Amino acid sequence: MNAPETDHADEPPAPRRPVRLGLISLVLLALIVVGAVAGILPRLRQREETRQDTAELAETTVALISPQPGKKEDGLILPSEVTPMLQASIYARVNGYLKRWKVDIGARVKAGDVLAEIETPETDRALDQARAELGVAEVNLKLAQTTDLRWQGLLKVNAVPKQEADEKTAAVDVAKAALEAERANVHRLEELQGFQKVVAPFDGIITVRNVDIGDLINAGSGRELFHLAQTEKLRIYVRVPQTQAMGITVGQEAELLIPELPGEKFPAKVTTTSESISTTSRTLLTELQVENPKGLIRTGSYAQVRFASVSKTPLITVPSNTLIFRGEGLQLAAVDGEGIVHLKKIEIGRDFGERVEVLSGITATDRIIASPFDSLVDGMKVRVAENAIAAKAN
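Attention here is on the structure that accompanies the text. Throughout this description, residue numbers start from 1 for each chain and increase along the sequence as written. Residue-level local features of this predicted model are given only where pLDDT is at least 70; pairs of side-chain atoms are given and counted only at 80 or more, and the full residue set underlies all totals for whole chains, interfaces and linings. Values shown for side chains rest on all heavy atoms present in the structure; no hydrogens or waters enter the calculation.

## Some remarks on the overall build of the chain
A tally of helices and strands in the chain yields 3 helices and 23 strands. Throughout, exposure labels follow a simple rule: accessible area from a 1.4 Å probe, protein chains only, divided by the maximum for the residue type, with under 20% read as buried, over 50% as exposed, and the rest as partly exposed. Counting the 394 residues in the chain, one finds 31% classified as buried. Excluding contacts between residues fewer than 6 apart, the proportion of contacts in the chain whose partners are at least 24 apart in sequence is 73%. Accessible area of the chain: about 25,300 Å², with a carbon and sulfur share of 55%. By definition, any uninterrupted DSSP run of H or I lasting at least four residues is a helix, any uninterrupted run of E lasting at least two residues is a strand, and each is numbered from the N terminus. Note on contacts: a residue pair qualifies if any of its non-hydrogen atoms lie within 4.5 Å across the two residues. To be clear on the numbers: accessible area is Shrake-Rupley with a 1.4 Å probe, and residue cover counts the displayed protein chains and nothing else.

Pasting the structure below:
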């Protein structure tokens, strides 16, 4: 007898709950992980940004400027002293009274022209006396020579002692010496009498007359009678500041400017310098010469000398608000490529108000901190503000 067959189609399917639970768990776990990541990453990013901001805030932020080329020089203009090429104060060489003067101020004279005449009665009488004494000396010499001749004749026949004969010969020498002394005194008084006429030593213009007819003239008083100046060519003296002295050379061209002649420019040339800086003014005394054939330039007048350029190297300028005033002197704060501050001592030149000229201490490639703060020190690290590196103060 066959066993009955079992119908598997009627059996219920196996349960799938464990599989579904595992899938759900994975999904939940994934959601948890995604949520955790989504929540942690912004916090980490925010924390990093906060750390970076804190580090940046710990460093001082500065703005930088670049030095600019200096203003084009109009030339170095300095006050000057105008003096004649030749000048002389004329004094009396003999005592007396002014008999007459022949030239007045502004007169053009030639060398040897008589300027004045002095009456010298005392000198005249002294000369008369000296000439008389010269005559006496000549007579004494003749007498001494005659006596000596006679005594030499007597000495030959042994009529007189040799000692007395030698004395007569010596008397001749004494008389000769006395004659020469009197003759020299006459020459002295004659030359002194020649100073009765006051003459010009060279061609020029009379700029001063300090005497009048009848004035008492004393040769030892130091009283100037006339002042004579030669003005066809002039000497110009100017004091160049030490900072510009290296640019002055002999033969250098310049211009002389007279305020009263605004349209005139007189060519001048450097002829020499003192080659020494004055310890009181720290300047170099420089002499120039200028032609003055028309006499337009008057000696002693105020004038200016303009040098075209005395700077051998191009100068740079920086804004005035970049300067640091401390005990070490004027400084500028430069920043290198790593943000390190370097305080540089400088020397300034001309002050243009908003900008100053820097003679030494920095170069055109340096980056300078604008408006530096008081606590800035050398070696300090700073942060350069964005767009500040290329900033330039106008």
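## Quick look at the packing of aromatic side chains
Classification of ring pairs rests on two measures: the distance between centres of Phe, Tyr or Trp rings, Trp counted by its six-membered ring, which must be within 6.5 Å, and the angle between planes, read as stacked under 30 degrees, edge-to-face over 60 and tilted in between. A complete count under the given rule lists 0 aromatic pairs for this structure. Remark: a charge is flagged as sitting over a ring if the NZ atom of Lys or the CZ atom of Arg is within 6 Å of the ring centre and within 35 degrees of the ring normal. Against the face of Phe-195 rests Arg-93, its NZ or CZ located 4.6 Å from the ring centre. If you follow Arg-209 out to its NZ or CZ, it ends over the ring of Trp-101, 4.0 Å from the centre.

## A short note on the environment of Val-109
Its place among the elements puts Val-109 in strand β6 (residues 108-109). Look at Val-109 and you get buried, because its relative accessible area is 5%. For the pair Val-109 and Asp-203, spaced 94 residues apart in sequence, the C-alpha to C-alpha distance is 5.6 Å. When residues no more than four places from it in sequence are discounted, the contact partners of Val-109 are Val-103, Leu-115, Ala-200, Phe-202, Asp-203, Gly-204, Ile-206 and Leu-228.

## Looking at the side chain of Asp-366
Looking at where Asp-366 falls in the secondary structure, it is placed in the loop between β21 (355-360) and β22 (368-369). On the accessibility criterion, Asp-366 (12% relative accessible area) is buried. In protein, a polar contact means a hydrogen-donor-capable atom and an acceptor-capable atom, both N or O and within 3.5 Å, with residues adjacent in sequence counting only if both atoms are side-chain atoms; elsewhere, any N or O pair within 3.5 Å suffices. Here Lys-344 takes part through its side chain, which lies 3.2 Å from a polar atom of the side chain of Asp-366. A polar contact of 2.9 Å, which involves the side chain of Asp-366, links it to the backbone nitrogen of Thr-363. Excluding its chain neighbours within four sequence positions, the residues that come into contact with Asp-366 are Ile-65, Ser-66, Pro-67 and Lys-344.

## Focus on the pattern of salt bridges
Definition used for salt bridges: Asp or Glu carboxyl oxygen within 4 Å of a side-chain nitrogen of Lys or Arg. As enumerated under the stated definition, the model contains 14 salt bridges in all. Across the pair Arg-100 and Glu-117 runs a salt bridge, and its minimum N-O distance is 2.5 Å. Of this pair, Arg-100 sits in strand β5 (residues 96-101) while Glu-117 sits in strand β7 (residues 114-119), placing them 17 residues apart in sequence. Note that Glu-117 and Lys-102 form a salt bridge whose closest N and O atoms lie 3.3 Å from each other.

## Details of helix α2 (residues 121-156)
Helix length check: α2 (36 residues) gives 53 Å between terminal C-alpha atoms against 52 Å at 1.5 Å per residue, within 8%. Of all the positions in α2, only Thr-123, Asp-124, Leu-127, Ala-130, Leu-134, Ala-137, Leu-141, Ala-144, Asp-148, Trp-151 and Leu-155 are classed as buried. Expected span of a helix: the number of residues minus one, times 1.5 Å.

## Comments concerning the pairing of β5
Examined bridge by bridge, β5 and strand β10 (residues 216-217) share 2 bridges and lie antiparallel to one another. By the bridge assignment, Gly-96 is partnered in β10 with Ile-217. The pairing of β5 with β7 spans 4 bridges and is antiparallel. In the strand pairing of β7, Arg-100 is matched with Glu-117. A pair of strands is treated as paired once DSSP finds two or more bridges between them.

## Looking at the nonpolar core
Side chains of a nonpolar character, in soluble globular proteins, are inclined to be buried together. The criterion is simple. A nonpolar core is a set of buried Ala, Val, Leu, Ile, Met, Phe, Trp, Tyr and Cys residues joined through side-chain atoms within 4.5 Å. Formed by 20 residues in total, the largest nonpolar core has its most connected members in Ile-236, Leu-256, Leu-288, Val-290, Ile-297 and Phe-307. Broken down by secondary-structure element, the contributors of at least two residues to this core are β4 (76-91), β11 (224-241), β12 (253-258), β13 (261-277), β14 (283-291) and β15 (302-307). In terms of residues, this core owes the most to one element, β11, which gives 4 residues. Listed in part, the 19 residues of the second largest apolar core include Val-109, Leu-115, Ala-116 and Ile-118.

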